[in-house]
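Notes for the structure review
Residues per chain are reported as follows:
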Amino acid sequence: MAANDASGDHKNASNVEGGSHDNYSLVICFGEMLIDFVPTVNGVSLAEAPAFTKAPGGAPANVAVGISRLGGSSAFIGKVGDDEFGYMLSDILKQNSVNNSGVRYEPTARTALSFVTLRADGEREFLFFRHPSADMLLHEAELDINLLKQARIFHYGSISLIAEPCRSAQHAAISIAKKSGSILSYDPNLRLALWPSPEAARENIMSIWDQADIIKINEDEISFLTGGDDPNDDNVVLEKLFHPNLKLLIVTEGSEGCRYYTQEFKGRVPGIKVKAIDTTGAGDAFVSGILNNLASDVNLFRDEKRLREALLFANACGAITTTERGAIPALPTRQAVLQLLSKAAA
């Protein structure tokens, strides 16, 4: 959705390669893009899966595609292997009208692979191939600084903080975006199996916490970051995770919906019931829903009624994504979200 009040915004609107929308509302997503291998049948462990389907994934890339599917303007900055999978992923961005001019190709490492399954007990199981993978080898010197400066919203996770040189590249990108006046959006997207230790994960995730304007977390991440506190306790969230510069903190609760906290108010927005078959990418679809709304209305978090509408829209984005396998293939169009919302309201 284009910004309705672009006049007076300092972002320039020069054309961005691969992006067909105006740049006043450009959302740039930074981080990893990889191939998810998803079992062809539900409810089995990775070892029991008879076969796998390959699906493009990686949280920041999912969000970039999600925004574009909803009619928004997005770009992706990151690194893939100089290999068949890497070119396939970059091409998928382009096919989905995501600006891929910030993608770099690494000749010395492969595109990351992830095997992911939803077991019968409802728990997700991950197996990553990153030793190292191309995304970990993005250097600060490879950042597209002109592109970064155009972001109305700069969105990122914590996986790029795991190792150098990507950690320094992420710190530099955050700094450039902040100086350019971008809204900083952070989804820690905790994947403990990738970190050398839980302590390293906690320390690095929190190291950039205070810079973000918007943070989206889930209940497991609250428990982990607070050392085991009750994720449903508003006081825990407000005292330990809400910081003075934060404009909006969102806690996603899966099919139950989400909670929101701003400087002025807090509340809950219920989820939308669907028949879920694969939760991969649901959180990323939610993020794309809220960021797409925010990109065209940067003061959304000041108006509780509009914020609640945007969060209900985001809940619907997440719900639709669970009805198909894989992340990117399942991300909804704006039309599909509006249809689900009108059906839910009927």
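What you see is a predicted model; the values in this text were computed from it and never measured.

Rules used in this analysis
- Residues numbered from 1 in each chain as written.
- Predicted model: local features only at pLDDT ≥ 70, side-chain atom pairs only at ≥ 80, totals over all residues.
- Heavy atoms only, no water.
- Core = buried A, V, L, I, M, F, W, Y, C linked by side-chain atoms within 4.5 Å.
- Buried < 20%, exposed > 50% of the residue type's maximum accessible area, 1.4 Å probe, protein only.
- Contact = heavy atoms within 4.5 Å.
- Salt bridge = Lys/Arg side-chain N within 4 Å of Asp/Glu carboxyl O.
- Helix = DSSP H or I, 4+ residues; strand = E, 2+ residues; numbered from the N terminus.
- Pairing = 2+ DSSP bridges.
- Axes fitted to C-alpha atoms, helices over the stretch in contact; angles between N-to-C directions.
- Parallel < 35°, antiparallel > 145°, perpendicular 65-115°, else oblique.
- Left-handed = near helix turned anticlockwise from the far one by under 90°.
- Nonpolar A, V, L, I, M, F, W, Y, C, P; charged D, E, K, R; others polar.

1. Observations concerning the nonpolar core
In terms of nonpolar packing, the biggest core is built from 53 residues, with F76, I290, L291 and L311 touching the most fellow members. I290 has contacts with I250, L300, L307, A310, L311 and A314, leaving out every residue within four places of it along the chain. With 47 residues, the next largest nonpolar core counts A169, L190, I208 and L241 among its residues.

2. Here we look at the pattern of salt bridges
In the structure shown here, the tally under the stated rule is 14 salt bridges. Between E106 and K79 there is a salt bridge, with its nearest N and O atoms 2.6 Å apart. Separated by 27 residues along the polypeptide, E106 in strand β5 (residues 99-106) and K79 in strand β4 (residues 73-81) bring together distant segments of the chain. Judged by its relative accessible area of 3%, K79 falls in the buried class. Within the structure, one salt-bridge network assembled from shared partners comprises D234, E253, R259, K266 and R268.

3. A closer look at the sheet that holds strand β11 (residues 248-252)
Spatial strand order, β5-β4-β1-β8-β9-β10-β11-β12-β13: nine strands in an open sheet with mixed pairing. Of all the strands in the sheet, just β5 and β13 (266-270) have a single pairing partner and so form its edges. Direction aside, neighbouring strands of the sheet carry axes that sit 15° apart on average. By the bridge criterion, five bridges tie strand β12 (residues 257-261) to β13 in an arrangement that is antiparallel. Looking at β13, one finds that C258 is bridged to V269.

4. Concerning the packing of helix α1 (residues 59-69) against helix α8 (residues 282-296)
Running from amino to carboxyl end, α1 crosses α8 at an angle of 50°, the nearest separation of the two axes being 8 Å. The orientation of α1 with respect to α8, classified from their angle, is oblique. α1 and α8 meet at a crossing whose hand is right-handed. Across the interface between the two elements, A59, N62, V63, G66 and I67 from α1 touch D284, V287, S288, L291 and N292 from α8. Tallied by class, the residues present in the contact of α1 with α8 amount to five nonpolar, four polar and one charged.

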